[in-house]
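Read off the chains here:
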Amino acid sequence: MHPSLKKLRFSVKPIPVESQKPVELARSMDVHPLTYQELPYDPEYSLYAGRLTPERMSNATADEMYWKARQGIILRHTGEHPFEIAGPDALKLLQRIFPRDVSKVKTGRCSYQFACYDDGGMITDGLLLRIAPDRFWFAQADGDLFSWYKAHSIGLDVTISDPEVWVSQIQGPHSMKLLEHLLDGPMPDPWRYFDWTEVSIAGEKVIISRTGFTNELGWEIYFRPENDIEMLGDLILEEGTKMGMILTATPGFRGRRIEAGLLSAGQDFTKDTTPFAVGLGKFIDFDSGDFVGREALLAADRTSRSWGIRVEGGTALRGRTLRQDGQSVGRVTSSTWSPYQLCGIGIVHLDSTELQPGDIVEVDCDDGEKRQGQLCSLPMYDPKGEIVRGINTTVPAAPESWPGIKIPETA
């Protein structure tokens, strides 16, 4: 453990020594092995999937972090928590857990997946990596799936474990240049969006995937217990810094992921929303078998009630802050300011399906003002995902590249 982490572990457990609670917290508040890189920047952390993730750092503003992801390169140590599902019946278990057909995921590929309760409400989502025919990692977002795996593994020859893998993301237009510089050999070939592969960096075998949570060009690295994590992390940071890379926290990601329509577990979807209600119905494969929640989803309304919103001149408050004709019509689940679109942006969940993109609503903003917002489709731009796939390599300028928005005075 890096010496700086000892200080951090003490600072997040300010409970009397005589209490047993510090031991309990130590089991539920794990620290990324590279957190020491963030400590010089007065970080503030939140708990995510049992791990601490940086919410704020003093090295850059949210806008500066956003533009680094869009124009250059950023590094973020994430809270995503990979669990391993392995054994002869691993695929059978995952077919029970996930509504999307896991059998279609080949070794060397990743897949976006989410799990539901029996009533169709959502638990959490994440990235599935097929490591071998009978071995998978699921890097989950916030929530508890470990108990869910165990509860549904009765009668199956399968082992669910924590491989103690940690994830960091390198994102932005220059991310592949850094990867090419770091590799001991040539770039992976093929190296498609949602591929994963094992490569050598500084003599260390590491797994990387062409994925991320920005919808910008990028890759993620999975540090295993056998890796010299501090050496690799310091190398990535040192070489990336030469290219202008900075460490980032949640605000730098929030704007880009909202624009891209990437949903946040526990905010944009919950136990009370079905995948259809939040626009994720396209990921359900009813022919894949008898997965948990199948009967409820077969009978569910398949119309989405979740959209994006643009607010001229302000940032929407989260919560039940949406109205039309004086009546409450829904809630804002995520929001921030977009320095690219020059307006407030958000994701909303509506009470009915009557409101659609283009409609105008009134929304409370974080400065105490009430403003008009316009519903929009998600993603807000780049609908074909050409940026993240490296097809569109245009680096946007700031801020003149987008004219901002003008909400009509009447609908």
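Heads up: the structure comes first, above all this text.
Residues numbered from 1 in each chain as written. Predicted model: local features only at pLDDT ≥ 70, side-chain atom pairs only at ≥ 80, totals over all residues. Heavy atoms only, no water.

Caption draft 1: Main features of the pairing of strand β17 (residues 343-350). With eight of eight residues buried, β17 lies mostly within the body of the structure. As paired elements, strand β14 (residues 306-311) and β17 share six bridges and run antiparallel to each other. Paired with R310 across the strands is I345, a residue of β17. The hairpin turn running from strand β16 (residues 327-338) into β17, its antiparallel successor, is four residues long, and L342 in that turn takes a positive phi close to 55°. (Buried < 20%, exposed > 50% of the residue type's maximum accessible area, 1.4 Å probe, protein only. Helix = DSSP H or I, 4+ residues; strand = E, 2+ residues; numbered from the N terminus. Pairing = 2+ DSSP bridges.)

Caption draft 2: Molecular detail of the environment of L179. Topologically, L179 is positioned in helix α6 (residues 175-182). Using a relative accessible area of 0% as the deciding quantity, one classes L179 as buried. Put simply, L179 and T250 are 71 residues apart on the chain and 23 Å apart in space, counted from C-alpha to C-alpha.

Caption draft 3: Quick peek at the packing of aromatic side chains. Under the defined criterion, the tally for this structure stands at 12 aromatic pairs. Each residue in the set Y66, W67, Y340 and Y381 is aromatic and connected to the rest through ring pairs, giving one cluster. R76 extends its terminal NZ or CZ atom over the ring of F253, reaching a point 5.0 Å from the ring centre. (Phe/Tyr/Trp six-rings, centres within 6.5 Å; stacked < 30°, edge-to-face > 60°. Lys NZ or Arg CZ within 6 Å of the ring centre and 35° of its normal.)

Caption draft 4: Fine view of the packing of helix α3 (residues 62-71) against helix α8 (residues 250-259). Closest axis-to-axis distance for the α3/α8 pair is 7 Å, and the angle between their directions is 60°. Of the possible angle classes, the one that applies to α3 and α8 is oblique. For the element pair α3 and α8, the recorded crossing hand is right-handed. Two secondary-structure elements touch here, α3 through A62, M65, Y66 and R70 and α8 through P251, G252, G255, R256 and E259. Across the contact of α3 with α8, the residue classes tally to four nonpolar, two polar and three charged. (Axes fitted to C-alpha atoms, helices over the stretch in contact; angles between N-to-C directions. Parallel < 35°, antiparallel > 145°, perpendicular 65-115°, else oblique. Left-handed = near helix turned anticlockwise from the far one by under 90°. Contact = heavy atoms within 4.5 Å. Nonpolar A, V, L, I, M, F, W, Y, C, P; charged D, E, K, R; others polar.)

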